[in-house]
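# Architecture at a glance
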Number of protein chains: 2
Amino acid sequence: MGVQQRVGLNVRRFRKERGLSQEGLAFECGIHRTYISGVERGIRNPTVVILEEIAMALKVPTWRLLEDLPDKSKG
Amino acid sequence: MGVQQRVGLNVRRFRKERGLSQEGLAFECGIHRTYISGVERGIRNPTVVILEEIAMALKVPTWRLLEDLPDKSKG
DNA sequence: GTGTGACTGCTAGTCCGTG
DNA sequence: ACACGGACTAGCAGTCACA
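Read on for a plain summary of the structure. Since this is a predicted model, take the numbers as computed values, not measurements. As a convention, each chain's residues are numbered from 1 in the sequence order in which they are written. Throughout, the order in which chains and ligands are written sets their labels, letters from A for the former and numbers from 1 for the latter. Local features in a predicted model are, by the rule used here, given only for residues with pLDDT of at least 70; side-chain atom pairs are given and counted only at 80 or more, and totals for whole chains, interfaces and linings are based on all residues. Side-chain descriptors were evaluated using all non-hydrogen atoms of the structure, hydrogens and water having been removed beforehand.

This part is about the packing of helix 1 (residues 3-17) of chain A against helix 4 (residues 48-58) of chain A. Between two packed helices, both the angle of their axes relative to each other and the distance between the axes serve to describe the pair. All names here are of chain A. For helices, the fitted axis covers only the stretch in contact; all axes are lines through C-alpha atoms, and the angles between them, taken along N-to-C directions, range from 0 to 180 degrees. A run of H or I in DSSP becomes a helix once it reaches four residues, and a run of E becomes a strand once it reaches two; helices and strands are each numbered from the N terminus. It is the contact of helix 1 with helix 4, at a shortest axis distance of 10 Å, that shows an interaxial angle of 20°. Judged by the angle between their axes, helix 1 and helix 4 are roughly parallel. For the pair helix 1 and helix 4, the sense of crossing is left-handed. Residues Val-7, Val-11, Phe-14 and Arg-15 of helix 1 form the contact with helix 4, whose participating residues are Leu-51, Ile-54 and Leu-58. Three classes are used: nonpolar for Ala, Val, Leu, Ile, Met, Phe, Trp, Tyr, Cys and Pro, charged for Asp, Glu, Lys and Arg, and polar for all others, with Gly counted as polar. The class makeup of the residues in the contact of helix 1 with helix 4 is six nonpolar, no polar and one charged. Throughout this description, any angle smaller than 35 degrees is read as roughly parallel, any larger than 145 degrees as roughly antiparallel, any in the 65 to 115 degree range as roughly perpendicular, and the remainder as oblique. The sense of a crossing depends on the near helix, which, turned anticlockwise from the far helix by less than a right angle, makes the crossing left-handed and, turned clockwise, makes it right-handed. Two residues qualify as a contact provided that any one of their heavy atoms is within 4.5 Å of a heavy atom in the partner residue.

Take a look at the structure:
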């Protein structure tokens, strides 16, 4: 599990918690929807500035996007 | 206080806690020393992959590099 | 509403040298 | 051991057409 995948999973989770579509989130943080898509799929390697933009739109602290998942495939 | 400054301060703090020089840290994470310098000064906008590289060399969770400072200019 | 490959402009990241 | 600048290469930011 790379850091990009972790970020992607977190973005997707927080986005769904807020009931937003990728397009809605893209609009709120001023980033293209296909880029959001790439981040969520873990194929993009965003900078900390982009991370902060997304986190602000998601209304979560930036560092939460890097957090490890709490109970996904836990052992 | 931008996210880059926050990252820079955290990197510097954890590096000093580990008693490493910038060159030492640069060697341990395989990143150029001048780049580490730029990150610490907050003039660079590193990617999450770079963040993870630095965090691993610092032996701290990646998200800690984005954490807000505990008692610096606290109100 | 989302996934994906390709594309261009710009910056992330490297390397050399100075104080 | 660190700050800072210039030049360079690899890769990211930002966008589109198509499925």
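In this assembly, 15 residues from chain B lie in contact with 16 residues from chain A. Here the quantity called buried area is the accessible surface, traced with a 1.4 Å probe, that two parts lose on coming together, added over both. Carbon and sulfur atoms supply 70% of the area that chain B and chain A bury against each other, a total of about 1,400 Å² over both sides. Among the residues chain B hides against chain A, the three largest losses belong to Val-48, Trp-63 and Leu-66 of chain B. Together they make up 40% of the total. Between Arg-6 of chain A and Glu-52 of chain B there is a salt bridge, and its shortest N-O distance comes to 3.3 Å. Identification of polar contacts relies on pairs of N or O atoms within 3.5 Å, with a donor-acceptor requirement for protein atoms, meaning one able to donate a hydrogen and the other able to accept it, and with residues adjacent in sequence counted only if both atoms are side-chain atoms. Taken together, the links from chain B to chain A amount to 10 residue pairs in polar contact (both at pLDDT 80 or more). Salt-bridge detection follows one rule: a side-chain nitrogen of Lys or Arg within 4 Å of a carboxyl oxygen of Asp or Glu.

Close to DNA strand D lie 19 residues; Tyr-35 and Thr-47 of chain A together with Arg-12, Gln-22 and Arg-41 of chain B are nearest. Among the atoms of DNA strand D close to the protein, meaning within 4 Å, 63% are from sugar or phosphate groups. Thr-34 of chain A places a side-chain nitrogen or oxygen 3.3 Å from a base nitrogen of DNA strand D. For DNA strand D, a phosphate oxygen lies 2.5 Å from a polar atom in the backbone of Gln-22 of chain B. For the surface near DNA strand D, the elements supplying multiple residues, two or more each, are helix 3 (33-40) of chain A together with helix 1 (3-17), helix 2 (22-29) and helix 3 (33-40) of chain B. Here the residues of the surface near DNA strand D sort into three nonpolar, nine polar and seven charged. When at least one non-hydrogen atom of a residue lies within 4 Å of a molecule or strand, that residue is treated as near it.

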